[in-house]
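# Fold and geometry: a report
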Amino acid sequence: MKPHFLSKARLRHSLAAGALFTLISIPLAQAAPSPPSLHVQAQSSVEVAPDKATLSARLWEKTPALSNLEDTDSDELTAARERLERRASELINSMEDSGLERDAISAGSLNIYPEQVQAPRSDNGDGETLQRTRLERPVTVELTDLDQLGDVLDALMGAGVNALDGVQFDLQDRDAATDEAMVKALEKARHKAELMADTLDADLGHVQRIEETQSPIFQPRMMSMRAESSDSADAKGPSSEYRPGTIRIEAGVNVEWTLKGPTESDHQDTDAAAQE
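A short tour of the structure in this document, coming up. Worth saying up front: this structure is predicted, and the values here are computed from it rather than measured.

### Overview of the side chain of glutamine 148
Looking at the secondary structure, you find glutamine 148 in the loop between strand 5 (129-143) and helix 3 (149-158). A polar contact is formed between the side chain of glutamine 148 and the backbone oxygen of glycine 99, at a distance of 3.4 Å. Sequence-distant contacts of glutamine 148, that is, excluding residues within four places in its chain, are made with Ser98, Gly99, Leu100 and Leu143.

Quick look at the structure:
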């Protein structure tokens, strides 16, 4: 009886293994075909006028050039620092007088840099390399009213800044602008998909996949400046017109839709009628 029991167990095991093998061996061609789809890529952009500007400038003072940097007197360093602090204070006051809030003006910390200076050459052609110290303070101005740009630039130049590093234009609400660019890209993708489907007598189904191909990026344009002379007798001199241009924001998407064939549409209409 025991061998007979083992024979039945082996038989059941063989049948189960054979059934599993049969299921695995089903040809892929018999699997349900994936529905047809339509894949669309679209890019869009928006041009937005900036409403924020950041001006960066620097003030510096230098100690006398000496043969050895260690020969610099502490009094000379103190005098250079006091001159620098006085100029920075005058600059801030002049910009406040032009209508800026104090919170919009940021004077950075004191930076100290060693510098080398080539002394004039002697009659025999030799030239000594001298050393000095440069004390520098950066100044940053944040503007949310671009009509003040000209007055602030005049105040910076009038205060004798040693370097005006440039004007960077931006948006106070970047999210709103990037959202607009993304919405336009998606609307363009949908328009293209509907146009292609209508032209080929197909019907769009549901969205299968949405992919961002290009994150919204900023492409600020350089500010242009034009000086004009007024013919009016009351004009005091040339006036400057500052044009910040626009900020270009681009976005890109990939969207995939399923396509509904006539059979599928008719079948859905029949099911809807039956439910009614």
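Picking up where we left off.
### A word on the nonpolar core
Membership of the largest hydrophobic core comes to 24 residues, with the highest contact counts inside it found for Leu55, Met95, Leu100, Val141, Leu143, Val152 and Leu156. At the level of secondary structure, the elements contributing two or more residues to this core comprise strand 2 (52-62), helix 2 (74-97), strand 5 and helix 3. Of all the elements, helix 2 adds the most residues to this core, at six residues. Not counting the four nearest positions on each side in its chain, valine 152 is found in contact with Leu55, Met95, Leu100, Val141 and Leu143. Core analysis: the second largest hydrophobic core is formed by 21 residues, Leu38, Ala181, Met182 and Ala193 among them.

### What about the pattern of salt bridges?
Summed over the entire model, instances satisfying the criterion amount to 15 salt bridges. Notably, a salt bridge pairs arginine 248 with glutamate 47, separated by 2.9 Å at the nearest N-O pair. Residue arginine 248 is found in strand 10 (residues 247-260), and its partner glutamate 47 is found in strand 1 (residues 37-48); the two are separated by 201 residues along the sequence. A relative accessible area of 26% means that arginine 248 is categorised as partly exposed. Note that glutamate 61 and arginine 83 form a salt bridge whose closest N and O atoms lie 3.1 Å from each other. Of the two residues, glutamate 61 sits in strand 2 while arginine 83 sits in helix 2, which places them 22 residues apart along the sequence. What emerges from the salt-bridge pattern is a single network uniting Arg58, Lys62, Glu115, Arg132, Arg134, Glu136 and Asp165.

### Quick notes on the packing of aromatic side chains
Tallying each qualifying case throughout the model produces zero aromatic pairs. Above the plane of the ring of tryptophan 60 lies arginine 134, whose end atom (NZ or CZ) is 5.0 Å from the centre.

Reading the values: rules and limits
- Residues numbered from 1 in each chain as written.
- Predicted model: local features only at pLDDT ≥ 70, side-chain atom pairs only at ≥ 80, totals over all residues.
- Heavy atoms only, no water.
- Helix = DSSP H or I, 4+ residues; strand = E, 2+ residues; numbered from the N terminus.
- Polar contact = N/O pair within 3.5 Å; in protein donor to acceptor, adjacent residues only side chain to side chain.
- Contact = heavy atoms within 4.5 Å.
- Core = buried A, V, L, I, M, F, W, Y, C linked by side-chain atoms within 4.5 Å.
- Buried < 20%, exposed > 50% of the residue type's maximum accessible area, 1.4 Å probe, protein only.
- Salt bridge = Lys/Arg side-chain N within 4 Å of Asp/Glu carboxyl O.
- Phe/Tyr/Trp six-rings, centres within 6.5 Å; stacked < 30°, edge-to-face > 60°.
- Lys NZ or Arg CZ within 6 Å of the ring centre and 35° of its normal.

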